[in-house]
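Chain by chain, the residues:
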Amino acid sequence: MQKDKKIVIIGGGLSALTTAYYLSKHNIDSVILEASPRLGGRIQTVKGQLETPLELGATWFSEMHTHLFSLIEELGLKKYPQFSNGISLFQTKSFEPPQKFFVPESQTPSYRIVGGTQKLIETLEETLHRTKYI
C-alpha cells in the first residue's frame, strides 16, 4: 500500500473503531466518517446522579466473544461478572412500581466492563491519535 493512501471507514461504531485500531497497529492511516456527533454507534453509557453507569445500548458479553475478550484485555480494561441469580427489578415507567422477577443462575456467565461499555469506545478513541473523524 502506498504511504500517501488512507483507508476510509464508514461509521464510528465498535467495528469501525476496532478496524482503525488494528490498522494503526500496522502503521496504516485511516479516516472514520461518522454522521452522528459522537462515536460508539449503539454503544452509549450515561452516568446517573451518583455516577452509576447506565447502558443505553450494548451491555453484556460472554466468553463466546473471544475477539472482544482479547481486545478488552489488550486495552487494559477491566471486566466483572454480571449478577444473574435471584430476584431482579424491572421498571418500565418512573410512575409505576418496579416489577420483581426471578433470574435463574446462568451456566455461561456474562460480563460487563468496569465504568460502562462506553469505556471501550473511549479507550479505542484515545489510542487512535492519528485517525481523523469527520
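Anyway, here's the lowdown on the structure attached to this text. (Residues numbered from 1 in each chain as written. Predicted model: local features only at pLDDT ≥ 70, side-chain atom pairs only at ≥ 80, totals over all residues. Heavy atoms only, no water.)

### Quick word on a nonpolar patch on the surface
Now for step 1: Judged by side-chain polarity, Val8, Ile10 and Leu33 come together as a nonpolar surface patch covering roughly 280 Å² of accessible area.
Now for step 2: Mapped onto the elements, valine 8 comes out in strand 1 (residues 7–10). (Patch = residues over 30% accessible without salt bridge, like charges linked within 9 Å, V, L, I, M, F, W, Y side chains within 5 Å. Areas by Shrake-Rupley, 256 points an atom, 1.4 Å probe, with all protein chains shown as cover. Salt bridge = Lys/Arg side-chain N within 4 Å of Asp/Glu carboxyl O. Helix = DSSP H or I, 4+ residues; strand = E, 2+ residues; numbered from the N terminus.)

### Notes on the layout of surface pockets
Rolled over the atoms, a probe as big as a water molecule pinpoints where empty space is left.
Now for step 1: Of the voids in this model, the largest pocket is the one considered here, and its volume is about 250 Å³.
Now for step 2: Considering the residues around the largest pocket, the lining is formed by 14 residues, among which Trp60, Gln82, Phe83, Ser88 and Val103 are closest to the centre.
Now for step 3: If you tally residues by element for the lining of the largest pocket, the top one is strand 7 (residues 86–90), at three residues.
Now for step 4: Across the lining of the largest pocket, the residue classes tally to six nonpolar, eight polar and no charged.
Now for step 5: Computed from the structure, the second largest pocket encloses a volume of approximately 170 Å³.
Now for step 6: Lining of the second largest pocket is provided by 13 residues; of these, Leu14, Ile43, Ala58, Trp60 and Leu68 occupy positions nearest its centre. (1 Å grid on protein atoms, 1.4 Å probe; cavity = no way out; pocket = protein on both sides within 12 Å on 5 of 7 lines; lining within 4 Å. Points joined across faces, edges and corners; volume = space filled by probe spheres on them. Nonpolar A, V, L, I, M, F, W, Y, C, P; charged D, E, K, R; others polar.)

### Some thoughts on the pairing of strand 9 (residues 110–113)
Now for step 1: In terms of strand pairing, strand 5 (residues 61–62) meets strand 9 through two bridges, oriented antiparallel. Directly across from phenylalanine 61, in strand 9, lies its bridge partner tyrosine 111. (Pairing = 2+ DSSP bridges.)

### Concerning the nonpolar core
Nonpolar side chains in soluble globular proteins generally cluster together in the buried interior.
Now for step 1: One finds Leu17, Leu75, Leu120 and Leu124 to be the most contacted residues of the largest nonpolar core, which totals 21 residues.
Now for step 2: The set of elements that each furnish at least two residues to this core consists of helix 1 (14–25), helix 2 (66–74), strand 9 and helix 3 (118–127).
Now for step 3: Per-element tally for this core: the top contributor is helix 1, with five residues. (Core = buried A, V, L, I, M, F, W, Y, C linked by side-chain atoms within 4.5 Å. Buried < 20%, exposed > 50% of the residue type's maximum accessible area, 1.4 Å probe, protein only.)

### Regarding the pattern of salt bridges
Now for step 1: Tallying each qualifying case throughout the model produces one salt bridge.
Now for step 2: Between glutamate 74 and lysine 25 there is a salt bridge, with its nearest N and O atoms 2.5 Å apart. Of the two residues, glutamate 74 is situated in helix 2 and lysine 25 in helix 1; the sequence distance between them amounts to 49 residues.
Now for step 3: Residue classification places glutamate 74 among the partly exposed residues on the basis of a relative accessible area of 38%.

### What to know about the packing of helix 1 against helix 2
Now for step 1: Running from amino to carboxyl end, helix 1 crosses helix 2 at an angle of 60°, the nearest separation of the two axes being 13 Å. On the basis of the axis angle, helix 1 is oblique to helix 2. Once helix 1 is placed against helix 2, the crossing between them reads as left-handed. Each of Leu14, Thr18, Tyr21, Tyr22 and Lys25 in helix 1 lies in contact with helix 2, whose residues at this interface are Leu68, Leu71 and Glu74. (Axes fitted to C-alpha atoms, helices over the stretch in contact; angles between N-to-C directions. Parallel < 35°, antiparallel > 145°, perpendicular 65-115°, else oblique. Left-handed = near helix turned anticlockwise from the far one by under 90°. Contact = heavy atoms within 4.5 Å.)

### Brief notes about the sheet that holds strand 6 (residues 79–81)
Now for step 1: Strand order in the open sheet formed by three strands is 5-9-6, and the pairing between neighbours is antiparallel. With partners counted over all chains shown, the strands left at the sheet margins are strand 5 and strand 6, one partner each.
Now for step 2: Examined bridge by bridge, strand 6 and strand 9 share three bridges and lie antiparallel to one another. Residue lysine 79 lies in a different strand from strand 9, and its bridge partner there is isoleucine 113.

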